[in-house]
Amino acid sequence: MIKKNFDIPFKVICDFDGTISKNDTFDQLLERYADPVWQDIEAEWLKGKIGTGECMSRQMALINIEKQELDNWLSHIKIDKNFIKFVKFCKNVGIEVSIASDGVDYIIKNILKNYRLDFLKFESNKLVFKKEGKYELSFAKKSSLCESGSMVCKCSVAQKEKDNKKIIYVGDGFSDFCVSKHVDLVIAKSSLLAHCIKNNLPNYPFYDFSDVKNIITDLMRDKKVIVSRKLENEKIFFKNLNS
């Protein structure tokens, strides 16, 4: 059994979209409530013709949904249920958990509230309410030094959270690439796992937050971390892609 320890030498920072939430919530919002032109803007971004801020701003301008309907839609967004158990575990043993997201604050705040997790700290972009179901985004957390070009500089978030403790980062995608070089350990899936393997960054693979809990439990017990054969096979797959 692990006893509560207020001197645990690390903190955990988690991405939100596709990591805590089952899917990318901003993409889901676009698919349901935006003019289909958003896909053309996405294609421009994927080709590197426009930056993340311009892409998200132009896409947000295409969304038309009244606040009440938005709130109702958010109440049905699913997260990884194991994240709830993971947060409880971390709270019990004294590990601080926070969220760094290149997503939207209003979306994250409401989803966390729906799952009674709104006590968690998070950094994200800000949703600005306009008239008649229209919205804008404010990028107060951006930094010209962000290597990935994200509107929330996760490297800055990680640096601010260190406080002489090591940082474990949990994520899945492109907006996590930059921060993965500036933390002590990455627990990764999808394209972030491939990126970590390609760049020889310390990592463990995960499928859901039950895996994350098991990895951190082993680290706290100073045991060799053992992941499932399925996760090891995923890691081997990405290694073969990069060889």
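As shown above, the structure is provided for reference.
Notes on the structure in this doc start here. (Residues numbered from 1 in each chain as written. Predicted model: local features only at pLDDT ≥ 70, side-chain atom pairs only at ≥ 80, totals over all residues. Heavy atoms only, no water.)

1. Describing the packing of aromatic side chains
The description of an aromatic ring pair rests on the distance of the ring centres and on the angle between the ring planes.
Here is step 1: All chains considered together, the criterion is met by nine aromatic pairs.
Here is step 2: With 5.2 Å between their ring centres and 45 degrees between their planes, phenylalanine 86 and phenylalanine 209 make a pair best called tilted. Highlighted residues: phenylalanine 86 in helix H5 (residues 81–93) and phenylalanine 209 in helix H9 (residues 209–220), separated in sequence by 123 residues.
Here is step 3: Assessed through its relative accessible area of 0%, phenylalanine 86 is described here as buried.
Here is step 4: Ring plane angle 70 degrees and centroid distance 5.3 Å describe the contact between phenylalanine 129 and tyrosine 135, whose orientation is recorded as edge-to-face.
Here is step 5: Residue phenylalanine 129 is classed as partly exposed on the basis of its relative accessible area of 35%.
Here is step 6: Of the residues examined, tyrosine 135 reaches a relative accessible area of 6% and is grouped as buried.
Here is step 7: Each member of the aromatic cluster is reached from another via a ring pair, and the members are Phe83, Phe86, Phe206 and Phe209.
Here is step 8: Directly above the ring of phenylalanine 119 sits lysine 91, whose terminal nitrogen or CZ lies 5.3 Å from the centroid.
Here is step 9: Here lysine 213 stacks its cationic end above the ring of phenylalanine 89, 4.9 Å away from the centre of that ring. (Phe/Tyr/Trp six-rings, centres within 6.5 Å; stacked < 30°, edge-to-face > 60°. Helix = DSSP H or I, 4+ residues; strand = E, 2+ residues; numbered from the N terminus. Buried < 20%, exposed > 50% of the residue type's maximum accessible area, 1.4 Å probe, protein only. Lys NZ or Arg CZ within 6 Å of the ring centre and 35° of its normal.)

2. Section: unusual backbone geometry
Here is step 1: Of note in this structure, arginine 116 is not a glycine but carries a positive phi near 55 degrees.
Here is step 2: For arginine 116, a relative accessible area of 73% puts it in the exposed group.
Here is step 3: Positioned with a positive phi, asparagine 200 is a non-glycine residue whose angle comes to about 55 degrees.
Here is step 4: Mapped onto the elements, asparagine 200 comes out in the loop between helix H8 (190–198) and strand S7 (203–205).
Here is step 5: According to the relative accessible area criterion, asparagine 200 is exposed, its value standing at 71%.

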